[in-house]
Amino acid sequence: MKAIYDAIYAKFAPSGTKPSVYSDLGGRMYPHEAPQGVTFPYGVYMLIGDSPDYYFDDEQLEDLTVQFMLFDKPGNSSSVNLMTYYGHLDALYNKCSLTVVGYTHLEMVREWGYPLRDLENNIWQYVVQYGVLLEL
Amino acid sequence: MKSGVRVDLDIPHLTKEVKEACDKAAERGAKRVLRDAKSYLMSHAKHPTGKLAGEIKLESSKYKGGGYAVEAQGPGNYTRFYATFVELGSIRNPQPIPYLRNSLKANRKYINKQFEGVLD
């Protein structure tokens, strides 16, 4: 399902004007895992589930679960901006229109979001899950 | 001349029967999700010890409508709190192991079938 990764990144980093979340994260959005030592804040996205649904002999739906993780580590003088980044991420992806090569995009909707904090390292994390429906 | 039929329904009894049947259907679905969540976790964890899998529980829901919950995190239980980081991923373990979400999703059709069976 490489096409969904390409579609998500293309939405994040279009060739023209960049969306707010791109500026928030300094363009640092990675598939699966961020590189070692990456600067905060940054984001990671991944496909965590893919269920095909056959509703007619020749028609197939792909029901995908996509997870984003936003990370921030505020310094002593900076505040936690994760909610702002999350808002901008959601504005970009919730109910958006994706261009997925080989598929007709039907919908992308937020299913839930969940904030977490690593107390030892003071790292804030926001996990957000989207359901994506594609038609082959 | 006139004729008619009178049907007396014992609504409270009927409601009780439907509720019990739905509850059993929900329990069958939840047990399947529980089983698959454990199996998913054991087959995807880097170092599967079975500790977390052993702590995934099936609980009766506290909602008025009944039902069941498959839980891997309880308040005040540090070991179970770890379950969230495994499911969602974290800065230390960036690869999530979505054992609850994927086992629920994989069983959606099975669960629906259980309820269809009740209505047949």
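See the structure shown above.
Residues numbered from 1 in each chain as written. Chains lettered and ligands numbered in written order. Predicted model: local features only at pLDDT ≥ 70, side-chain atom pairs only at ≥ 80, totals over all residues.

Asks: Sorry if this is basic, but what is going on with the sheet that holds strand 2 (residues 42-56) of chain A here?
Replies: Whenever strands of a sheet pair, they do so through backbone hydrogen bonds, lying parallel or antiparallel. Strand order in the open sheet formed by five strands is 1-2-3-5-4 (chain A), with mixed pairing between adjacent strands. One side of each edge strand has no neighbouring strand; the edge strands of this open sheet are strand 1 (29-31) and strand 4 (104-118) of chain A. Between one strand and the next, the sheet's axes are offset by a mean angle of 25°, whatever the strand orientation. Sheet topology note: the strand 4 of chain A/strand 5 (residues 123-135) of chain A ladder contains 13 bridges and is antiparallel. Across the sheet, D118 of chain A pairs through a bridge with I123 of chain A, a residue of strand 5 of chain A. Helix 3 (residues 82-93) of chain A rests against strand 3 (59-72), strand 4 and strand 5 of chain A of the sheet, and its axis sits at about 5° to strand 5 of chain A. Across the face of the sheet, helix 4 (residues 99-106) of chain B comes into contact with strand 2 and strand 3 of chain A while running at roughly 15° to strand 2 of chain A. (Pairing = 2+ DSSP bridges. Helix = DSSP H or I, 4+ residues; strand = E, 2+ residues; numbered from the N terminus. Axes fitted to C-alpha atoms, helices over the stretch in contact; angles between N-to-C directions. Contact = placed C-beta atoms within 7 Å.)

Asks: Even after reading the chapter, I still don't get the interface of chain A and chain B, so can you show me in this structure?
Replies: One frequently used descriptor of interface size is the decrease in accessible area upon assembly of the parts. Counting residues at the interface gives 16 residues for chain A, matched by 12 residues for chain B. Elements supplying a minimum of two residues to the side of chain A that touches chain B: strand 2, strand 3, strand 4 and strand 5 of chain A. Looking at side-chain class alone, the side of chain A that touches chain B contains eight nonpolar, six polar and two charged residues. (Nonpolar A, V, L, I, M, F, W, Y, C, P; charged D, E, K, R; others polar.)

Asks: How should I be thinking about helix 1 (residues 11-44) of chain B in this particular structure?
Replies: Helical periodicity: at 3.6 residues per turn, an α-helix aligns residues three or four positions apart in one direction. The terminal C-alpha atoms of helix 1 of chain B lie 49 Å apart, and with 34 residues this matches the ideal 50 Å at 1.5 Å per residue to within 8%. Listed as buried for helix 1 of chain B are A25, A26, G29, A30, V33, L34, D36, A37, K38 and L41 of chain B. (Expected span 1.5 Å × (residues − 1). Buried ≥ 20, exposed ≤ 12 C-beta atoms within 10 Å, placed from the backbone.)

Asks: Help me out: how do you make sense of the nonpolar core in this one?
Replies: Looking at soluble globular proteins, one finds that nonpolar side chains tend to be buried together. In terms of nonpolar packing, the biggest core is built from 34 residues, with I4, Y45, V66, L70, L89 and V132 of chain A touching the most fellow members. Those elements giving two or more residues to this core turn out to be helix 1 (2-12), helix 2 (20-24), strand 2, strand 3, helix 3 and strand 5 of chain A. Grouped together as the second largest cluster of nonpolar side chains are 16 residues, L52, V70, V86 and I97 of chain B included. (Core = buried A, V, L, I, M, F, W, Y, C linked by C-beta atoms within 7 Å.)

Asks: Looking at this model, I keep getting lost on unusual backbone geometry. Mind explaining?
Replies: Trans is the prevailing form of peptide bonds, just as negative phi is the prevailing case for residues other than glycine. All names here are of chain A. The omega torsion of the bond from F40 to P41 falls at -10°, within 30 degrees of zero and hence cis. Counting through the fold element by element, P41 comes out in the loop between strand 1 and strand 2. Here the phi dihedral of K95 falls at roughly 60°; this positive angle occurs in a residue that is not glycine. Inspection of the secondary structure puts K95 in the loop between helix 3 and strand 4. The residue N122 is not glycine, and still its phi comes out positive at about 50°. Looking at the element boundaries, N122 is found in the loop between strand 4 and strand 5.

Take it as geometry only, folks, not as evidence of what the structure does.
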